[in-house]
Amino acid sequence: MTTDLAGKRVWVVGASSGIGAATAKALVERGAHVAISARRETELRQVAGSSMTVVVADVTDRASVDSAATQVREALGRIDMVIINAGFWEQMDATAWDRDLFERHVQVNLLGMNNCIGAVLPRMVAGRSGTIVGVASVAGYRGLGGAEAYGATKAAQINMLEGMRVALRRKGVRVVTVCPGFVKTGLTESNTFPMPFLIEADEAADSICRGLERGQMEVVFPVPMAALMKVARLLPVRLWAKVFGSGT
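Keep in mind that what you see is a predicted model, and the values were worked out from it rather than measured.

K.L.:
When you look at the side chain of N115 in this model, what are you seeing that I'm missing?
P.N.:
Locating N115 in the fold gives a position in helix α4 (residues 99-127). With relative accessibility at 8%, the residue N115 sits in the buried group. Setting aside its immediate chain neighbours within four residues, N115 contacts V59, T60, D61, R62 and V65.

Listed below in structure tokens is the structure:
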């Protein structure tokens, strides 16, 4: 089932920079009515210009997210689609386990997505219409050293969104999982390790919008990274550990 984004009322959460900002701009170019949220108001207004509604929100604060959803509905009339892109990434050292760092990943990536879903899903189910787009990552496909916290939350997001897709299949609500590979953003600029198939944020945004227009349930990009990680999921556990643990 294809989707025409023109005229859609879309709330993009986590849109002050990177993939979220680029996707919001791409949606406007396709004729969508867009509201954007994040914690940083100055950056949001720079992204929005005069073409988007700005609503400040902290995804880790349930009341803040609920208030933002209400403001977005008042501004746009309704929410046809929410794109949940807010995310946190910091490399971990499993040999010096940092419980606070792990918890921060869970608060932003997983509980933040939970807060956003809870703010829009009841009305979508009641109206038997709407689309929830969760931005996870190919890092959720297999465990990698250094990404124990980030990868765990992304794997949880992928699983959660898949379960929702099954449960909501007959309720008129579509659930789309987006799994980017390496994208040049503020989250990745400090990475010192190789990032194969690195793409720009506007390329990621175009992939997301094209996936939504085509009615895809899962949008994975770039294509070479998607193919690589799909194959990686099939490797035996012992082989995976041997290959990727050879340098430790």
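K.L.:
Just checking my understanding: could you explain the packing of helix α1 (residues 18-29) against helix α6 (residues 201-213) for this structure?
P.N.:
Between two packed helices, both the angle of their axes relative to each other and the distance between the axes serve to describe the pair. At a closest axis distance of 8 Å, the pairing of α1 and α6 adopts a crossing angle of 55 degrees. Taken together, the axes of α1 and α6 are oblique relative to one another. The two elements α1 and α6 cross, and the hand of that crossing is right-handed. Here G18, I19, A22, T23, A26 and L27 of α1 lie close against α6, whose contacting residues are A201, D202, A204, A205, I208 and C209. Counted by class, the contact of α1 with α6 contains nine nonpolar, two polar and one charged residues.

K.L.:
Help me understand the packing of helix α3 (residues 62-76) against α4, please; the structure alone is not making it clear to me.
P.N.:
As a packed pair, α3 and α4 sit with axes 9 Å apart at the nearest point and diverge in direction by 40 degrees. The orientation of α3 relative to α4 falls into the category oblique. The way α3 lies across α4 gives a crossing that is right-handed. Residues R62, V65, D66, A69 and R73 of α3 form the contact with α4, whose own contacting residues are N114, N115, C116, A119, V120 and R123. Among the residues making up the contact of α3 with α4, the classes are represented as five nonpolar, two polar and four charged.

K.L.:
It is not clear to me how the sheet that holds strand β6 (residues 173-180) should be interpreted in this structure. Could you clarify?
P.N.:
Hydrogen bonding along the main chain pairs the strands of a sheet, whether they run parallel or antiparallel. Judged by pairing direction, the sheet is parallel, and its seven strands sit side by side in the order β3-β2-β1-β4-β5-β6-β9 without closing on themselves. Whereas interior strands pair on both sides, the edge strands pair on one side only; in this sheet they are β3 (52-54) and β9 (218-221). Going across the sheet, the axis of each strand differs from the next one's by a mean of 15 degrees, ignoring polarity. Judged from the four bridges that link them, strand β4 (residues 81-84) and strand β5 (residues 130-135) form a sheet pairing that is parallel. Each residue of the ladder has a partner; that of V82, found in β5, is I132.

K.L.:
Help me understand the pattern of salt bridges in this model?
P.N.:
Two side chains carrying opposite charge are able to pair once their charged atoms lie near each other. Enumeration according to the criterion identifies five salt bridges in this entry. Across the pair R30 and E213 runs a salt bridge, and its minimum N-O distance is 2.9 Å. Of the two residues, R30 is situated in the loop between α1 and β2 (33-37) and E213 in helix α6; the sequence distance between them amounts to 183 residues. Its relative accessible area of 22% is what places R30 among the partly exposed residues. Assessed through its relative accessible area of 26%, E213 is described here as partly exposed. One salt bridge connects R45 with E41, and the closest N-O pair in it is separated by 3.0 Å. With R45 and E41 both in helix α2 (residues 41-48) and four residues apart, this pair spans about one turn of that helix. Residue class for E41 comes out partly exposed when judged on its relative accessible area of 38%. Salt bridges sharing partners connect three or more residues here, namely R30, D206, R210 and E213.

Cut-offs used in this document
Residues numbered from 1 in each chain as written. Predicted model: local features only at pLDDT ≥ 70, side-chain atom pairs only at ≥ 80, totals over all residues. Heavy atoms only, no water. Helix = DSSP H or I, 4+ residues; strand = E, 2+ residues; numbered from the N terminus. Buried < 20%, exposed > 50% of the residue type's maximum accessible area, 1.4 Å probe, protein only. Contact = heavy atoms within 4.5 Å. Axes fitted to C-alpha atoms, helices over the stretch in contact; angles between N-to-C directions. Parallel < 35°, antiparallel > 145°, perpendicular 65-115°, else oblique. Left-handed = near helix turned anticlockwise from the far one by under 90°. Nonpolar A, V, L, I, M, F, W, Y, C, P; charged D, E, K, R; others polar. Pairing = 2+ DSSP bridges. Salt bridge = Lys/Arg side-chain N within 4 Å of Asp/Glu carboxyl O.

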